[in-house]
Amino acid sequence: MPSRPLISTAICSLTRSSRAIHWRLVVSQRPTNARFERTYRTTACRRNNLSEDDRRMLQEAREEDEADVVIVGGGPAGLAAAIRLKQLEQEKGKEVRVVLLEKASDMGNHTLSGAVIEPRALNELLPDWLEDPPAPLTPVKSDKMRFLTEKYSIPLPAPPQMHNAGNYIVSLSEVVKWLAAKAEEVGVEVYPGFAVNELLYDHSGAVAGIATNDMGISKEGAPKDNFQRGMEFRAKVTLLAEGCHGSLTKGVIKKYDLRREKDVQTYGIGLKEVWEVPEEDWREGEVVHTMGWPLTSQVYGGGFMYHFGERLVSVGLVVGLDYANPWISPFREFQRMKHHPIYSSVLKNGKCLSYGARALNEGGLQSIPQLIFPGGALIGCSAGFVNVPKIKGTHTAMKSGMLAAESAYNAITSDTTNDSAIALYDYEDSIKQSWVYRELNEVRNVRPSFHNPLGVYGGVLYSGIDTLLLKGRVPWTFHHKTSDAQATQPADKFKPIDYPKPDGKLSFDLLTSVARTGTMHDEDEPVHLQVKDWDAHTKASYPKFKGVENRFCPAGVYEYVPDETKTEGVRFQINAQNCIHCKTCDIKVPAQDINWVCPEGGDGPKYMLSMSTASLLSWFIMLTLSSLNHSCWLVRYMLLRM
Ligand SMILES: Cc1cc2nc3c(=O)[nH]c(=O)nc-3n(C[C@H](O)[C@H](O)[C@H](O)COP(=O)(O)OP(=O)(O)OC[C@H]3O[C@@H](n4cnc5c(N)ncnc54)[C@H](O)[C@@H]3O)c2cc1C
Ligand code: SF4
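Residues numbered from 1 in each chain as written. Chains lettered and ligands numbered in written order. Predicted model: local features only at pLDDT ≥ 70, side-chain atom pairs only at ≥ 80, totals over all residues.

- As recorded in an unreviewed UniProt entry, the protein goes by Electron transfer flavoprotein-ubiquinone oxidoreductase and comes from Lipomyces tetrasporus.
- For the record of the protein, the UniProt heading Catalytic activity (unreviewed entry) holds the text "a ubiquinone + reduced [electron-transfer flavoprotein] = a ubiquinol + oxidized [electron-transfer flavoprotein] + H(+)".
- Turning to the protein, the UniProt annotation filed under Sequence similarities (unreviewed entry) states: "Belongs to the ETF-QO/FixC family." (UniProt positions renumbered as here; feature names shortened; annotations may be inferred.)

**Some points on the overall build of the protein**
(1) Moving on: Secondary structure summary: the protein contains 20 helices and 24 strands in total.
(2) Moving on: Counting across all 642 residues of the protein, residues that qualify as buried make up 52%.
(3) Moving on: Sequence separation of 24 or more characterises 79% of the internal contacts of the protein that already satisfy a separation of 6 or more. (Helix = DSSP H or I, 4+ residues; strand = E, 2+ residues; numbered from the N terminus. Buried ≥ 20, exposed ≤ 12 C-beta atoms within 10 Å, placed from the backbone. Contact = placed C-beta atoms within 7 Å.)

**So, the site of ligand 1**
(1) Moving on: Around ligand 1, 42 residues are found, and the nearest of them are Gly-75, Gly-243, Gly-270, Gly-380 and Gly-393.
(2) Moving on: Of all the secondary-structure elements, those providing two or more residues to the shell around ligand 1 are helix H4 (76-92), strand E2 (98-102), strand E3 (115-117), helix H7 (247-255), strand E14 (267-276), strand E17 (312-320), strand E18 (351-361) and helix H10 (394-414).
(3) Moving on: Broken down by class, the residue content of the shell around ligand 1 amounts to 21 nonpolar, 15 polar and six charged.
(4) Moving on: Built from parts of two domains, the shell around ligand 1 gets at least three residues from each of domain 1 (9-109 + 177-262 + 369-438) and domain 2 (141-169 + 266-358 + 480-607). (Near = placed C-beta within 6 Å. Nonpolar A, V, L, I, M, F, W, Y, C, P; charged D, E, K, R; others polar. Domains from an automatic or database assignment.)

**Let's talk about the site of ligand 2**
(1) Moving on: Neighbouring residues of ligand 2: 13 residues in total, closest Cys-553, Val-557, Cys-579, Cys-582 and Cys-585.
(2) Moving on: Partitioning the shell around ligand 2 into residue classes produces ten nonpolar, two polar and one charged.

**Remarks on unusual backbone geometry**
(1) Moving on: Residues Ala-135 and Pro-136 are joined by a peptide bond in cis, for which omega reads -5°.
(2) Moving on: Along the chain, Pro-136 turns up in the loop between helix H5 (120-125) and strand E4 (137-139).
(3) Moving on: For His-245, which is not a glycine, the phi torsion comes out positive at approximately 55°.
(4) Moving on: By the element assignment, His-245 lies in the loop between strand E13 (231-240) and H7.
(5) Moving on: Phi at Lys-471 takes a positive value of approximately 55°, unusual for a residue other than glycine.

**Brief notes about the sheet that holds E3**
(1) Moving on: With antiparallel pairing, the three strands of this open sheet are ordered in space as E3-E7-E4. Among the strands making up the open sheet, the edge pair consists of E3 and E4. Neighbour-to-neighbour, the strand axes of this sheet turn through a mean angle of 35°, independent of strand direction.
(2) Moving on: As paired elements, E3 and strand E7 (residues 168-170) share three bridges and run antiparallel to each other. Its bridge partner lying in E7, Val-116 is registered against Ile-169. (Pairing = 2+ DSSP bridges. Axes fitted to C-alpha atoms, helices over the stretch in contact; angles between N-to-C directions.)

**Remarks on the sheet that holds E17**
Where strands meet in a sheet, backbone hydrogen bonds hold them as pairs that are either parallel or antiparallel.
(1) Moving on: Read across the open sheet, the seven strands follow the order E6-E5-E15-E16-E17-E14-E18; overall the sheet is mixed. The open sheet has two free edges, formed respectively by strand E6 (153-155) and E18, since each of these has just one partner strand. The average angle at which neighbouring strand axes cross in this sheet is 20°, direction not considered.
(2) Moving on: Against the sheet, helix H8 (residues 330-337) engages E14, strand E16 (301-308) and E17, with an angle of about 135° to E17.

**With respect to the confidence of the model for the protein**
(1) Moving on: Residues at a pLDDT of 70 or more form 87% of the protein, whose mean pLDDT is 88.
(2) Moving on: Throughout residues 1-45 the model reports pLDDT below 50, and contacts reaching past four residues in sequence, or to other chains, amount to 82 contacts.
(3) Moving on: Here residues 624-642 scores under 50 on pLDDT; set against residues more than four positions off or in separate chains, the count is 22 contacts. (pLDDT = per-residue confidence, 0-100.)

**Some details on the nonpolar core**
(1) Moving on: Grouped together as the largest cluster of nonpolar side chains are 152 residues, with contacts concentrated most on Val-69 and Ala-81.
(2) Moving on: Per element, the largest residue contribution to this core is nine residues, and it comes from H10.
(3) Moving on: Here this core spans two domains, and each of domain 1 (9-109 + 177-262 + 369-438) and domain 2 (141-169 + 266-358 + 480-607) adds at least three residues to it.
(4) Moving on: Excluding its chain neighbours within four sequence positions, the residues that come into contact with Val-69 are Leu-85, Val-96, Val-98, Ala-235, Val-237, Leu-239 and Ala-408. (Core = buried A, V, L, I, M, F, W, Y, C linked by C-beta atoms within 7 Å.)

**A short note on the packing of H4 against helix H6 (residues 172-185)**
(1) Moving on: Direction vectors running N to C along H4 and H6 enclose 20°, while the axes themselves pass 9 Å from each other. Here H6 runs roughly parallel to H4, going by the angle between their axes. Along this stretch, H4 crosses H6, giving a crossing that reads as left-handed. Residues Pro-76, Leu-79, Ala-82 and Ile-83 of H4 form the contact with H6, whose own contacting residues are Val-176, Leu-179, Ala-180, Lys-182 and Ala-183.
(2) Moving on: Tallied by class, residues from the contact of H4 with H6 come to eight nonpolar, no polar and one charged. (Parallel < 35°, antiparallel > 145°, perpendicular 65-115°, else oblique. Left-handed = near helix turned anticlockwise from the far one by under 90°.)

**Here we look at the pairing of strand E9 (residues 196-201)**
(1) Moving on: Alignment of E9 against strand E10 (residues 207-212), held across five bridges, turns out to be antiparallel. Residue pairing in the sheet places Leu-199 in a bridge with Ile-210 of E10.
(2) Moving on: Once E9 ends, the chain turns through five residues before running back antiparallel as E10, passing Gly-205 with a positive phi of about 90°.

**So, the environment of Asn-167**
(1) Moving on: Its location among the elements puts Asn-167 in the loop between E6 and E7.
(2) Moving on: Expressed as a C-alpha distance, the spacing of Asn-167 and Val-116, which sit 51 residues apart in the sequence, is 6.6 Å.
(3) Moving on: Discounting residues that sit within four places of it in the chain, Asn-167 has contacts with Val-116, Ile-117, Glu-118, Pro-119 and Val-140.

**Details of the environment of Gln-577**
(1) Moving on: The residue Gln-577 is located in the loop between strand E23 (570-574) and helix H18 (584-588) in this model.
(2) Moving on: Taking the C-beta count within 10 Å as the criterion, Gln-577 has 21 such neighbours and is therefore assigned buried.
(3) Moving on: In sequence terms Gln-577 and Glu-523 are 54 residues apart; their C-alpha atoms lie 6.6 Å from each other.

**Some words on the pairing of E16**
(1) Moving on: For E16, a buried count of eight out of eight residues is recorded, marking the element as mostly surrounded by other parts of the structure.
(2) Moving on: Side chains Gly-301, Gly-303, Met-305 and His-307 of E16 all project onto a buried face; the interleaved residues Gly-302, Phe-304, Tyr-306 and Phe-308 project onto the opposite face, where all are buried too.
(3) Moving on: Bridge count between strand E15 (residues 286-292) and E16: four bridges; the pairing is antiparallel. Of the residues in E16, the one forming a bridge with Thr-290 is Gly-303.

**Things to note about the packing of H4 against H10**
(1) Moving on: Closest axis-to-axis distance for the H4/H10 pair is 7 Å, and the angle between their directions is 40°. By the criterion of interaxial angle, the relationship of H4 to H10 is oblique. In the packing of H4 onto H10, the handedness of the crossing is right-handed. For the pair H4 and H10, contact is made by Pro-76, Ala-77, Gly-78, Ala-80, Ala-81, Arg-84, Leu-85, Leu-88 and Lys-92 and by Thr-394, Ala-397, Met-398, Ser-400, Gly-401, Met-402, Ala-404, Ala-405, Glu-406, Ala-408, Tyr-409 and Thr-413, respectively.
(2) Moving on: A breakdown of the residues in the contact of H4 with H10 according to their chemical character gives 13 nonpolar, five polar and three charged.

See the structure below:
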């Protein structure tokens, strides 16, 4: 059986090699947002034609360190789990070393702003949180629900689950930064800028920790001048808190068959912008949800608009990824939606500050896989605890993290003799006893009720009755039988959609929007959107789906470029540097041949409440420089720090 030594942090630090100690010092002392100090990465890449020296460097032994619990992902779930573990240490006296790794360059940078949160989990985790709250924090004052036609809006009764009395409108990205500071205060080691693509296994096949990515590998897979090997963190418990459709989570679900006897997971893509609007158009604390236009009756989804902070408005659209028509572009539907009077009357004299997109789980209770595997567990949206009718997953993500933490703490501190991998059985049980389960059970039939011949109308009718009267107390459970990739139908079954041109005031083109995400990836690094054979992909996808990738990606990463030398007349192209890590391609691509893996730590979007003009300008300059000359990396780094 594996040896799982219980060495205290102090002893660990003393026995570590000088390089590992140096690594920890670098990490602990680096300023936030610093890209120079990112040092480790491993990205799967093409490694042909490498010299012997290159191969040797790539296979060098990695430095090792040990923690009791390693958490991959610093969103609400990961941070709540980390804080709870350290609270238990204080309450019960047995020390646990907790390490949390986050791929964003700074905490909160990969979290979309502008959300309504239910404070239930926060109240339980940090009962005094309102004495030192995250900012902005706007209590919800009014709630509206509307069904939209192209010109009109019809009031709908909001089901009780969608009432927001007692909830707060926040910048989730700021909430994550604030939670990370709370975690550090209680002794969690929080390391932003470190992506994890690899799980470590012991000889019994149990997860035994993680390895951070190597750093400094070229597009061809060769080590560059700044190459540094990744680092291994051995852990008694590994918690995967990667959010929706995590890349490690996907592997673990497959390896341990965690979806056995569960439904497939289904998803939506959420697109959001934060606007600043004039005082007269701003209604502090107002929450508006809409259904209907611009989506047709065959597409599940809805829009939202939250007034918060200082004259800020978060506006967004969620589109269920089970749509059949491959001509649909969720990005362009969103741009079109803002022209409806209910949105345009608020935004018309405002200024768009930021844009972002992210997939979210829509499967509900029946799509949550088995939560535990040998050596660890899935928490938050890695597992899929989103309450779909509410469009809320922060409170359930946090609570699941807290319950997993309690189970992990008990297992680690009571397990002194048995050498086998830890299994967090009581985490599964405590979820079933918790309000998370009761809440998700009540709404379990709402989303799948939209799979019916009447589409949205049938779904609204059933879910209205279910949420107002039945409240899930029925003996049946509807199921999701088809994955979102399988739901996509051939393009020749539908008419191409003629989207209106953006007007540059309410609606924008893709490049302008992507600039507002601040996303950045090194040009000379392996493409993190892995497609084994680009020509085979084109052959399988283009004739049937006519460039669906180009339309479902909210960041213009995929293109089919005219090329007469190719049988299909087009060449597939991946502009990986634009990727905003939403994971939609991995979910929706019909042939399921795009594998999203983490790029170098620190890459990707920089979500914040607003992108300053200087940041926008530097993004455009960097993009131009990188296309002119890949070796301008120093200038690009300096611009990033502006
Ligand atoms: C458009 C949209 C609107 C939403 N609105 C609301 C709302 O109003 N209210 C609400 O409660 N919820 C809302 N949600 C849902 C909410 O955002 C999620 O439920 C919540 O963020 C889940 O928290 P999490 O910690 O599980 O995952 P996430 O918040 O996704 O955090 C996961 C973190 O892990 C990091 N990560 C992932 N993989 C790796 C890796 N391999 N290595 C290192 N780091 C990694 C990511 O960068 C990320 O920071 C919304 C979601 C979307 C997409
Ligand atoms: S490439 Fe994939 S993950 Fe990246 S932005 Fe496009 S759809 Fe999202």
